[in-house]
Amino acid sequence: MDPAGASVANVIGGSEGEKFAKGNIYSVKLITGDEFRGIVMAYDPIPNFVGSKPRPGHSKNTRMVNASFITGLSYLGKTEEPLLRDSCWVNLDGLRAKEALAVRQAEADAERMGVGVTAEAQSIFDALSKTLPVQWEKSDILVMKEVRVRSPYLSDSVFGGTDAANNRVKKVLELERRRLQLFGT
């Protein structure tokens, strides 16, 4: 992305430090199209970042914005003390929930990665996982918790499960191998 041509300081007047003084309240528009209102909490001229918090009664998210990407800036006023303790808080329960979700997602992603398998085997696993429940069991792909696909991951390498499940896995495996071959060449 290309930052806006003229910095907002040149458009509004004054230096960046004066304009982004702590406590100034602005309505901001970014080159991404995002718009928000906030109170300046901090400004760092070296990386040209502005930290803002929402106005009282609005969302509780703090933003760090590259000032070069601000395309519209409307001064709305000034607050005396933007960092009052009762208006600045971190939702620890929300952060813990986000952390727990991120950990669960990372663990799920790690379980989907085969250890000591070829890139082709991982591609087949990923393709099968789009249509069937699969998991790695050492270098074997366990499908629907009953059908096992062993290396070299061909139709002849499918074992176990009911005949219907076995035939379904073979059919999906053949189709996925064919699809992967088409994209691989």
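The sections below set out a description of the structure shown in this document. Fair warning: this is a prediction, and the values are worked out from it, not measured in the lab.

**Some remarks on the nonpolar core**
Soluble globular proteins: nonpolar side chains tend toward being buried together. Judged by nonpolar contacts, the single largest core of 17 residues is most densely connected at Leu-128, Ile-141, Val-143 and Val-149. Discounting chain neighbours no more than four positions away, the residues touching Val-143 are Leu-132, Pro-133, Val-134, Val-149 and Val-169. Core analysis: the next-biggest nonpolar cluster, separate from the first, contains 12 residues, Phe-20, Val-28, Tyr-43 and Ile-70 among them.

**Topic: the environment of Gly-38**
Locating Gly-38 in the fold gives a position in strand 2 (residues 35–44). Judged by relative accessible area, Gly-38 falls into the buried class, the value being 4%.

**Regarding the packing of aromatic side chains**
Taken as a whole, this structure holds four aromatic pairs when the rule is applied. Judged by centre distance (5.6 Å) and plane angle (70°), the ring pair of Tyr-26 and Tyr-75 falls under edge-to-face. Of the two residues, Tyr-26 sits in strand 1 (residues 24–30) while Tyr-75 sits in strand 5 (residues 70–78), which places them 49 residues apart along the sequence. Note on Tyr-26: relative accessible area 4%, which makes it buried. Using a relative accessible area of 48% as the deciding quantity, one classes Tyr-75 as partly exposed. When the ring of Phe-125 is compared with that of Trp-136, the centres are 4.8 Å apart and the planes differ by 15°; the resulting orientation is stacked. Taken together, the residues span a long stretch of sequence, with Phe-125 in helix 4 (residues 119–129) and Trp-136 in strand 6 (residues 134–137) at a distance of 11 residues.

**Focus on the sheet that holds strand 9 (residues 158–159)**
Read across the open sheet, the four strands follow the order 6-7-8-9; overall the sheet is antiparallel. Edge strands, defined here as strands with exactly one partner in the open sheet, are strand 6 and strand 9. Across four bridges, the pairing between strand 6 and strand 7 (residues 140–143) is antiparallel. Its bridge partner lying in strand 7, Trp-136 is registered against Ile-141. Taken strand by strand, helix 4 contacts strand 6 and strand 7, and its axis lies near 150° from that of strand 6.

**Remarks on empty space enclosed by the protein**
Under the defined criterion, the tally for this structure stands at one cavity of 30 Å³ or more. Approximately 80 Å³ is the volume attributed to the largest cavity. Residue lining of the largest cavity: Phe-20, Tyr-26, Val-28, Phe-36, Gly-38, Ile-39, Val-40, Val-50, Ser-52, Val-65, Ile-70 and Leu-73, and that is the complete set. Mapped by element, the contributors of at least two residues to the lining of the largest cavity are strand 1, strand 2, strand 3 (49–53) and strand 5. Ranked by the residues each element gives to the lining of the largest cavity, the list is headed by strand 2, at four residues. Across the lining of the largest cavity, the residue classes break down as 10 nonpolar, two polar and no charged.

So, how was this worked out
- Residues numbered from 1 in each chain as written.
- Predicted model: local features only at pLDDT ≥ 70, side-chain atom pairs only at ≥ 80, totals over all residues.
- Heavy atoms only, no water.
- Core = buried A, V, L, I, M, F, W, Y, C linked by side-chain atoms within 4.5 Å.
- Buried < 20%, exposed > 50% of the residue type's maximum accessible area, 1.4 Å probe, protein only.
- Contact = heavy atoms within 4.5 Å.
- Helix = DSSP H or I, 4+ residues; strand = E, 2+ residues; numbered from the N terminus.
- Phe/Tyr/Trp six-rings, centres within 6.5 Å; stacked < 30°, edge-to-face > 60°.
- Pairing = 2+ DSSP bridges.
- Axes fitted to C-alpha atoms, helices over the stretch in contact; angles between N-to-C directions.
- 1 Å grid on protein atoms, 1.4 Å probe; cavity = no way out; pocket = protein on both sides within 12 Å on 5 of 7 lines; lining within 4 Å.
- Points joined across faces, edges and corners; volume = space filled by probe spheres on them.
- Nonpolar A, V, L, I, M, F, W, Y, C, P; charged D, E, K, R; others polar.

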